[in-house]
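The residues making up each chain are set out below.
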Amino acid sequence: MNDMDALKDSALERIAAAQDGGTLEELRIEFLGKQGSVSVLLKTLGAMTPDQRQSEGPKIQGLRSAVADALAARKQALDNAGLEQRLASEVLDLSLPAPESPRGTVHPVSQVMDELAEIFADLGFEVKTGPEIEDDWHNFTALNMPESHPARAMHDTFYFPDHDAQGRRMLLRTHTSPVQIRTMVSEGAPVRIIAPGRVYRSDSDATHTPMFHQVEGLVIDKGIHLGHLKWTLETFLKAFFERDDIVLRLRPSYFPFTEPSVEVDVGFAIENGRRVLGGSGDAPGHAWMELLGSGMVNARVLEFAGLDPAEWQGFAFGVGVDRLAMLKYGMDDLRAFFDGDVRWLEHYGFSPFDQPTLSAGVGARA
Ligand code: PHE
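Because the structure is a prediction, the values reported are computed rather than measured.

About the criteria used
Residues numbered from 1 in each chain as written. Predicted model: local features only at pLDDT ≥ 70, side-chain atom pairs only at ≥ 80, totals over all residues. Heavy atoms only, no water. Axes fitted to C-alpha atoms, helices over the stretch in contact; angles between N-to-C directions. Helix = DSSP H or I, 4+ residues; strand = E, 2+ residues; numbered from the N terminus. Parallel < 35°, antiparallel > 145°, perpendicular 65-115°, else oblique. Contact = heavy atoms within 4.5 Å. Core = buried A, V, L, I, M, F, W, Y, C linked by side-chain atoms within 4.5 Å. Buried < 20%, exposed > 50% of the residue type's maximum accessible area, 1.4 Å probe, protein only. Pairing = 2+ DSSP bridges. Polar contact = N/O pair within 3.5 Å; in protein donor to acceptor, adjacent residues only side chain to side chain. Domains from an automatic or database assignment. Near = heavy atom within 4 Å. Areas by Shrake-Rupley, 256 points an atom, 1.4 Å probe, with all protein chains shown as cover. 1 Å grid on protein atoms, 1.4 Å probe; cavity = no way out; pocket = protein on both sides within 12 Å on 5 of 7 lines; lining within 4 Å. Sits in = over half its atoms within 2 Å of the grid points.

## A look at the packing of helix α9 (residues 226-241) against helix α11 (residues 321-329)
It is the contact of α9 with α11, at a shortest axis distance of 11 Å, that shows an interaxial angle of 50 degrees. As the angle between them shows, α9 and α11 are arranged oblique. Where α9 abuts α11, its residues Phe236, Phe240 and Phe241 lie against Leu324, Leu327 and Lys328.

Laid out in structure tokens, this is it:
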């Protein structure tokens, strides 16, 4: 028994004196490991008589747990001391400037889309999206462009070789207008949405890229007329270009999905070699520029989408987002938008902290 007491005393003493985790682990193995002195004692229980076992068992078990507890307590104490020491020695100076690190910028297209969402949210519009891989029913047929319609050819469509399960031809959407159909079909009326996104046409030069961005607008309600369209576009463009002197000219035009259709021009002047919107296009030194297509939703489109044209009317418009960005922020080559040149992005990009808000002027830059 004296042996056991002596073993316990020396074990506890050495454990208490351990200065680091490594030493502690060595002690654990020495006492509690497979061949450890306490473990060996535990094994002797098997060879004892029941009487011996009854008197010795608790003592040996007590020794085992005393050693195990001491190891755990010492480990905790060492960990705490280590933490205290780190807390005392490591200092974080919050007044130091952040280290120079590469910073990303928000692409002008994303910035403009955020600005659009902000402006139209204020007018009660929701943002909707649709698939870029479309079928020809949503992209053309339901928009009143049947198979043989000449307008289909004007869109320079990228077709896929395959058809979908319903036998529809698959394509990369040529405009955001299919989102009109998808929204009316799935949600019915009334509708007040914008749908920004990528669109694709087989076309490429300084002002055309095979992929570009549009934003679609759609309002369906009762008693909607052309005046609502004009007010909405005027309000949007004034907020977007942050100028009160934006003047619009509505010209009769043709789109299969709107009737009547109106092409919207906006007055501008050249300042420092740049087109600056504002003023009537008929004013001296000014001219008109075609900006977007729009019109009253064609009754046939409402029918395709499952709405009764006797009950519901609406207007729609579509405008190039890249074009809006170029006009507002003064870029002149559309292709640079999609080159991914870091220098261009640093020059024309926006800080992620510059969230567009109406109260600050949607495009405010620090
Ligand atoms: N979808 C047309 C285009 O891409 C634009 C448009 C949208 C015109 C909605 C009228 C109404 O050219």
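## Here we look at the nonpolar core
Of all hydrophobic cores here, the largest spans 46 residues; its most connected members are Leu116, Phe236 and Leu324. Mapped by element, the contributors of at least two residues to this core are α5 (108-122), β6 (211-221), α9, β8 (258-271), β10 (286-297), β11 (313-320), α11 and α12 (342-348). Those residues in contact with Leu116 that sit more than four places away from it in its chain are Ile194, Val215, Phe236, Phe240, Val321 and Leu324. Counting 21 residues, the second largest nonpolar core, distinct from the first, contains Ile181, Leu218, Phe257 and Ala316.

## Section: the sheet that holds strand β2 (residues 133-135)
In a beta sheet, neighbouring strands are held together by backbone hydrogen bonds and run either parallel or antiparallel to one another. With respect to topology, three strands assemble into an open sheet ordered β2-β4-β3, the strand pairing being antiparallel. Each having just a single partner strand, β2 and β3 (159-163) make up the two edges of the open sheet. Recorded for the sheet is a direction-independent mean angle of 35 degrees between the axes of neighbouring strands. Pairing geometry for β2 and strand β4 (residues 169-172), over three bridges, is antiparallel. Pairing of Glu134 across the sheet is with Leu171, part of β4.

## Brief notes about the side chain of Ser261
In this structure, Ser261 sits in strand β8. Residue classification places Ser261 among the buried residues on the basis of a relative accessible area of 4%. Polar side-chain contacts of Ser261 include one of 3.0 Å to the backbone nitrogen of Phe255.

## Re the domain arrangement of the protein
Each domain of the protein was delimited in the assignment, giving domain 1 (2-89) and domain 2 (108-348). Its C-alpha centre places domain 1 at a distance of 77 Å from the equivalent point of domain 2.

## Looking at the site of the ligand
The full set close to the ligand counts 14 residues, and His175, Ser177, Arg201, Gln214 and Gly318 are the nearest of them. Contacts to the ligand include Arg201, whose side-chain N or O atom sits 2.9 Å from an oxygen atom. The protein chains hide 91% of the 330 Å² of surface that the ligand would expose on its own. Among the detected pockets, the ligand sits in the largest pocket. Put simply, the parts of the chain that give the shell around the ligand at least two residues each are β6, β10 and β11. When residues in the shell around the ligand are grouped by element, the largest group, three residues, is from β11.

## Digging into the pairing of β11
Counting buried residues along β11, six of its eight residues qualify, which places the element largely inside the surrounding structure. Bridging between β10 and β11 involves four bridges; their strand directions are antiparallel. Paired with Met296 across the two strands is Phe315, which belongs to β11.

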